[in-house]
Amino acid sequence: MTITVVVAEDQSAVRAGLVLILRSAAGIEVVGEAADGEEAVRLARELRPDLVLMDVQMPKLDGVSATREVVAEGLADVLVLTTFDLDEYVFGALRAGAAGFLLKNAEAAELIGAVRTVARGEGLIAPSVTRRLIAEFAAPRPARASVPPETTAAVASLTRREREVLSALGEGLSNAEIAERLEMAESTAKTHVSRLLGKLELRSRLQAAVLAQELGI
């Protein structure tokens with residue numbers, strides 16, 4: 001099954017490199033290229049790709065705002081490109097519902113693997129990136145809003161199994177790893193994750209992972 005991708009990056013040389021790498025991979029098709037956030041959203045609406053590879057800093061509409069629109073309209077999953085030196089952008093993209101994060105200096109194999117992982121619905125990509133992000137934004141900060149009461153209440157209503165799944169997400173585990181730990185089929189783990197996200201009204205596994213860390217689950 002072919003994974004269709006829109007690449008959104010304002011630097012033409014970087015964008016060309018990303019496109020070249022993705023087009024070299026079997027089963028991945030770049031169907032559109034965007035030089036700014038507005039164009040990224042327009043192409044997502046027009047082409048309905050499986051995934052948008054989204055740079056954070058772009059003209060006209062930044063990557064966080066573009067991610068928010070793409071996710072809110074259910075147009076595609078979003079894999080965000082970041083340098084990790086702009087915390088507010090990364091955290092904003094997380095809240096906007098980004099399915100994964102990738103360092104801009106990632107090797108070609110990492111980029112291809114991340115695209116395939118997010119397209120499978122796993123969301124949490126390379127453990128080193130994921131756990132670094134979770135650790136960064138799960139740490140208490142005075143400026144960060146606390147977990148909303150309605151979310152806390154929703155977590156309190158989870159079954160024991162659902163809390164186990166949430167805890168596993170907090171560790172950055174994939175569906176296969178959750179299935180192995182909890183001794184269930186991978187398809188069952190995937191179903192539990194989907195129901196959990198719906199119950200907690202979260203847009204991505206990554207949001208669930210950070211929530212688990214924030215609540216110490």
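Residues numbered from 1 in each chain as written. Predicted model: local features only at pLDDT ≥ 70, side-chain atom pairs only at ≥ 80, totals over all residues. Heavy atoms only, no water.

A.B. asks: Before we go on, may I ask you to explain the side chain of Thr67 in this structure?
C.D. replies: By the element assignment, Thr67 lies in helix H3 (residues 63-72). Note on Thr67: relative accessible area 0%, which makes it buried. Separated by 2.7 Å, the side chain of Thr67 and the backbone oxygen of Gly63 make a polar contact. Each residue touching Thr67, except ones within four places of it in the same chain, is listed here: Met54, Val78, Val80, Ala93, Ala96 and Ala98. (Helix = DSSP H or I, 4+ residues; strand = E, 2+ residues; numbered from the N terminus. Buried < 20%, exposed > 50% of the residue type's maximum accessible area, 1.4 Å probe, protein only. Polar contact = N/O pair within 3.5 Å; in protein donor to acceptor, adjacent residues only side chain to side chain. Contact = heavy atoms within 4.5 Å.)

A.B. asks: It is not clear to me how H3 should be interpreted in this structure. Could you clarify?
C.D. replies: Residues of H3 that are buried: Gly63, Val64, Ala66, Thr67, Val70 and Val71. An end-on view of H3 places all buried positions within 160° of arc, on one side of the element. The first or second residue beyond H3 is Gly74, which carries a positive phi of 65°. (Arc of directions from axis to C-beta.)

A.B. asks: Would you take a moment to explain the pattern of salt bridges for this structure?
C.D. replies: Throughout the structure, instances matching the rule amount to 12 salt bridges. With a shortest N-O distance of 3.3 Å, Arg45 and Glu69 are connected by a salt bridge. Highlighted residues: Arg45 in helix H2 (residues 37-47) and Glu69 in helix H3, separated in sequence by 24 residues. When its relative accessible area of 29% is taken as the criterion, Glu69 is described as partly exposed. The exposure class of Arg45 is partly exposed, given its relative accessible area of 41%. (Salt bridge = Lys/Arg side-chain N within 4 Å of Asp/Glu carboxyl O.)

A.B. asks: Hey, could you run me through the environment of Arg205 in this one?
C.D. replies: Structurally, Arg205 can be placed in helix H11 (residues 205-215). For Arg205, a relative accessible area of 4% corresponds to the buried category. Along the backbone, Arg205 and Gly170 are 35 residues apart, and their C-alpha atoms lie at a distance of 9.0 Å.

A.B. asks: How should I be thinking about unusual backbone geometry in this particular structure?
C.D. replies: The general pattern is negative phi for most residues beyond glycine and trans for most peptide bonds. Phi angles above zero are rare outside glycine, and Arg48 is one such case at about 45°. Here Arg48 shows up in the loop between H2 and strand E3 (51-55). Residue class for Arg48 comes out exposed when judged on its relative accessible area of 51%. You will see that Glu201, though not glycine, has its phi angle at about 55°, which is positive. By the element assignment, Glu201 lies in the loop between helix H10 (186-200) and H11.

A.B. asks: Help me out: how do you make sense of the sheet that holds strand E4 (residues 77-82) in this one?
C.D. replies: The strands making up a sheet are joined through hydrogen bonds of the backbone, oriented either antiparallel or parallel. The five strands lie next to each other as E2-E1-E3-E4-E5, forming an open sheet whose pairing is parallel. Each edge of the open sheet is held by one strand with a lone partner, namely strand E2 (28-34) and strand E5 (100-103). The average undirected angle you get between the axes of adjacent strands in this sheet is 25°. Seen against the sheet, helix H1 (residues 12-23) touches strand E1 (3-8), E2, E3 and E4 and runs at an angle of roughly 165° to E2. (Pairing = 2+ DSSP bridges. Axes fitted to C-alpha atoms, helices over the stretch in contact; angles between N-to-C directions.)

A.B. asks: Got a minute to help me understand the packing of H1 against helix H5 (residues 108-119) in this structure?
C.D. replies: Two measures define how a pair of helices packs: the angle their axes make with one another and the distance between the axes. Contact geometry of H1 with H5 gives a least axis separation of 10 Å together with a crossing angle of 70°. In this view, H1 runs roughly perpendicular relative to H5, as classed from their interaxial angle. For the pair H1 and H5, the crossing hand works out as right-handed. Contacts from Leu18, Ile21 and Leu22 in H1 reach Ala108, Leu111, Ile112 and Val115 in H5. Residue composition of the contact of H1 with H5, grouped by class: seven nonpolar, no polar and no charged. (Parallel < 35°, antiparallel > 145°, perpendicular 65-115°, else oblique. Left-handed = near helix turned anticlockwise from the far one by under 90°. Nonpolar A, V, L, I, M, F, W, Y, C, P; charged D, E, K, R; others polar.)

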